[in-house]
Amino acid sequence: MVSRCIVCARVVKLAGWGLLLGTVLALVVAAVRTFTFAVGEDLRLSAWEKRDVLPGTFSPQEKAEFLRSFKEAIRIPTVSTSETDLNISALEEFNDFLQKAFPVVFSSSLVQHEIVSDYSHLFKVSGSDPTLQPYMIISHIDVVPAPSDGWDAPPFSAQEISGFIYGRGTLDNKQSLMGSLQALEYLLKRGYKPHRTFYLGFGHDEEVTGPNGAKNIAALLKSRGVKLSFILDEGMAVLDGIIKGIQGPAAIIGVSEKGIMTIKLTVTMKPGHSSTPPRETTIGILSIAVSRLERNPLPSKFGLGPERAMFEHLASHFDFPVNFVMSNLWLFSPFLTWILEKEPSTNALIRTTTAVTMFNAGIKNNIISPYAEAVVNFRIHNAQTTDEVLQIVSDTIADDRVKVEVISAGEPLPISSYNATSFGYQIIKKTAQEIFPQVVVAPGVCVGSSDSKHFVEVCDEIFRFVPTWFKIEDLSRFHGLNERISVKNYEEAVKFYFQLFQNCDISKLPEPHAGGHEL
Ligand SMILES: *[C@@H]1O[C@H](CO)[C@@H](O)[C@H](O)[C@H]1NC(C)=O
Ligand SMILES: *[C@@H]1O[C@H](CO)[C@@H](O)[C@H](O)[C@H]1NC(C)=O
Ligand SMILES: [Zn+2]
């Protein structure tokens, strides 16, 4: 997926402004809050159910083996160009490859494997306790196209340069697909028998909205009456230096996803000759409409969606005065909104965004165009609906000659829970802290879209996180040039899933602290 998530680059500039705010009346209250306010405390580790855990340590041979396998996966160009243009031969090759790469998974009596819609895969790993609700990890097999111009190593070469493996799919999203299967392979090889049943689902057409892969996997589970405890999908990651002003890296677990709506605006009139033009043309009318949409962004919804929880969880990890502002959103929300909306990446967190993506008109240099059309793409904030956005759009255009037609619309996804009783969130958080001890964990919102949208009927709790490091420069590698992952990070990915599967085997979470402040 395209992940342009949470980039609070602007926030750091608050430093200068912090002083100005010194006169605010509520200063004292606010200061007290800054130093007492803490959310997202850990569940007491001593209270976690004790289970024997196989250590995530791998021999040099195993490490060499799983790197070789990962590189082989990257070399298969499973490119999705459009819904009707997938590289079928690569997908077939990938089917065969999986069987060869994971012989233990494919022969274990605990694992049932099935191919869905020809190229997608569903694995069910049976746990010993059928009363425990199963969970699922999803990833995707396909990748976006990668013309080789501008790459330091060819995009399907999996060439290693200075400790990094280069190739399309190393970040999006074969690292989680291969990492999770590899972890399962080694667990089974070491005699692991899960307590809780789980599924691994790999769609083959996520990059073109998943019309066959993930969608049919979800339909299959639904037809079998499966209701999942939680799903872990791609979307967010370990962000290192991306959230400016924060001390240390942050693992952000996406708890929701913005909605997405595409509309078409059209203006039609009788064609005429350019020697006797009407006062206004289709092109002029449509230009004004489009310009009004750009000049009148939808209102900020900052604080009304899960982005608020992200700022609150991270508050104490920022330097002064940012920590001060963030701990006191009740007071500073309008001010923070003003800062956040200046940068496209943070603006996307706080409102429904408007992007005019296509504009077509005109047939000949001396004909008044009978027709002009534009396409506008909206990413809808969690606190808004597609209907509300449509209403605002037609009020803003305020011109009946402009016809508005919805091409596609999907509401924002439900918000998964992230408090002390959220099984999925707490397990993912605990695992992230075990593998990346230096990170702070917080919930967040995805501004991109992925396969999870297909699973809302079989699962209420969907989380989006890959155990992958992202620095600012890596954001442009996503669907861009020189996509790469470090060898070390791929090892961490294998360890993450190795630990995650085992962490899920507890029957239930420990009780929250009595009197603790858990969010
Ligand atoms: C499709 O995949 C095959 C490998 O299975 C590869 O040889 C071929 O070049 C790919 N086609 C395109 C257009 O990339
Ligand atoms: C945790 O969140 C869920 C859903 O958001 C809610 O139903 C539940 O009551 C919350 N639990 C606690 C202990 O706050
Ligand atoms: Zn993806």
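Computed from a prediction, not measured in an experiment: that's the story for all the values here. (Residues numbered from 1 in each chain as written. Chains lettered and ligands numbered in written order. Predicted model: local features only at pLDDT ≥ 70, side-chain atom pairs only at ≥ 80, totals over all residues. Heavy atoms only, no water.)

(A) View of the layout of surface pockets. In this structure, the second largest pocket encloses a volume near 260 Å³. Phe164, Trp469, Lys471, Asp474 and Ser486 are, among the 14 residues lining the second largest pocket, the residues nearest its centre. Listed by contribution, the elements that provide at least two residues to the lining of the second largest pocket are strand 20 (469–470), strand 21 (484–486) and helix 15 (487–503). Here the residues of the lining of the second largest pocket sort into 5 nonpolar, 2 polar and 7 charged. (1 Å grid on protein atoms, 1.4 Å probe; cavity = no way out; pocket = protein on both sides within 12 Å on 5 of 7 lines; lining within 4 Å. Points joined across faces, edges and corners; volume = space filled by probe spheres on them. Helix = DSSP H or I, 4+ residues; strand = E, 2+ residues; numbered from the N terminus. Nonpolar A, V, L, I, M, F, W, Y, C, P; charged D, E, K, R; others polar.)

(B) Local environment of the domain arrangement of the protein. When its domains are assigned, the protein resolves into domain 1 (60–234 + 467–503) and domain 2 (258–410). The distance between the C-alpha centroids of domain 1 and domain 2 comes to 35 Å. (Domains from an automatic or database assignment.)

(C) Representation of the packing of helix 4 (residues 88–101) against helix 6 (residues 174–189) in the model. Where helix 4 contacts helix 6, the two axes come as close as 11 Å, and the packing angle between them is 30°. Taken together, helix 4 and helix 6 sit at an angle that is classed as roughly parallel. Residues Phe94, Phe97, Leu98 and Ala101 of helix 4 form the contact with helix 6, whose participating residues are Lys174, Leu177, Met178, Leu181 and Glu185. Looking at the contact of helix 4 with helix 6 residue by residue, the class counts come to 7 nonpolar, no polar and 2 charged. (Axes fitted to C-alpha atoms, helices over the stretch in contact; angles between N-to-C directions. Parallel < 35°, antiparallel > 145°, perpendicular 65-115°, else oblique. Contact = heavy atoms within 4.5 Å.)

(D) Region of the structure containing the sheet that holds strand 16 (residues 371–380). Across the sheet, which stays open at both edges, the 4 strands sit in the order 14-16-12-17 with antiparallel pairing between neighbours. With one partner strand each, in any of the chains shown, strand 14 (353–361) and strand 17 (403–410) form the two edges of the open sheet. Neighbour-to-neighbour, the strand axes of this sheet turn through a mean angle of 20°, independent of strand direction. Docked against the sheet, helix 13 (residues 386–397) engages strand 12 (259–268), strand 16 and strand 17, running at close to 30° with respect to strand 12. (Pairing = 2+ DSSP bridges.)

(E) Structural context of empty space enclosed by the protein. Summed over the entire model, instances satisfying the criterion amount to 2 cavities of 30 Å³ or more. Taken together, Lys258, Pro306, Glu307, Ala348, Leu349, His381, Asn382, Val445 and Val447 form the lining of the second largest cavity. Tallied by class, the residues present in the lining of the second largest cavity amount to 5 nonpolar, 2 polar and 2 charged.

(F) Structural context of the site of ligand 1. Every residue near ligand 1 is listed here: Pro77, Asn87, Ser89, Ala90 and Glu93. Separating an oxygen atom of ligand 1 from a side-chain N or O atom of Glu93 is a distance of 2.7 Å. The fraction of the free accessible surface of ligand 1 (370 Å²) that becomes covered by protein chains is 41%. Tallied by class, the residues present in the shell around ligand 1 amount to 2 nonpolar, 2 polar and 1 charged. (Near = heavy atom within 4 Å. Polar contact = N/O pair within 3.5 Å; in protein donor to acceptor, adjacent residues only side chain to side chain. Areas by Shrake-Rupley, 256 points an atom, 1.4 Å probe, with all protein chains shown as cover.)

(G) The site of ligand 2, seen in detail. Ser417, Asn419 and Thr421 make up every residue found near ligand 2. In the environment of ligand 2, an oxygen atom lies 2.3 Å from a nitrogen or oxygen atom belonging to the side chain of Asn419. Take Thr421: an N or O atom from its side chain is 3.3 Å from a nitrogen atom of ligand 2. Protein burial of ligand 2: of its 360 Å² of free accessible surface, 30% is covered by the chains.

(H) Representation of the nonpolar core in the model. Core analysis: the largest hydrophobic core is formed by 107 residues, its most contacted members being Leu232, Leu314, Phe496 and Phe501. Examining the composition of this core, we find that 9 residues originate from one element, helix 15, more than from any other. Inspection of this core shows a minimum of three residues originating in each of domain 1 (60–234 + 467–503) and domain 2 (258–410). Residues within four places of Phe501 in sequence aside, it is in contact with Tyr135, Ile137, Ser180, Ala183, Leu184, Leu187, Tyr192, Phe198 and Leu200. Counting 19 residues, the second-largest nonpolar core is a separate cluster that includes Met261, Ile263, Leu293 and Ile380. (Core = buried A, V, L, I, M, F, W, Y, C linked by side-chain atoms within 4.5 Å. Buried < 20%, exposed > 50% of the residue type's maximum accessible area, 1.4 Å probe, protein only.)

(I) Here's a closer look at the pattern of salt bridges. Counted by the stated rule, this structure contains 21 salt bridges. For Arg401, the salt bridge goes to Glu280, with nearest N and O atoms at 2.9 Å. Here Glu280 lies in the loop between strand 13 (272–273) and helix 8 (282–295) and Arg401 lies in the loop between helix 13 and strand 17, a separation of 121 residues in the sequence. Its relative accessible area of 27% is what places Glu280 among the partly exposed residues. Salt-bridge contacts for Arg477 lead to Glu473; the nearest nitrogen and oxygen are separated by 2.7 Å. On the basis of relative accessibility, which here comes to 11%, the residue Arg477 falls in the buried class. For Glu473, a relative accessible area of 42% corresponds to the partly exposed category. Each of Arg279, Glu280, Asp399 and Arg401 takes part in one network of salt bridges that share partners. (Salt bridge = Lys/Arg side-chain N within 4 Å of Asp/Glu carboxyl O.)

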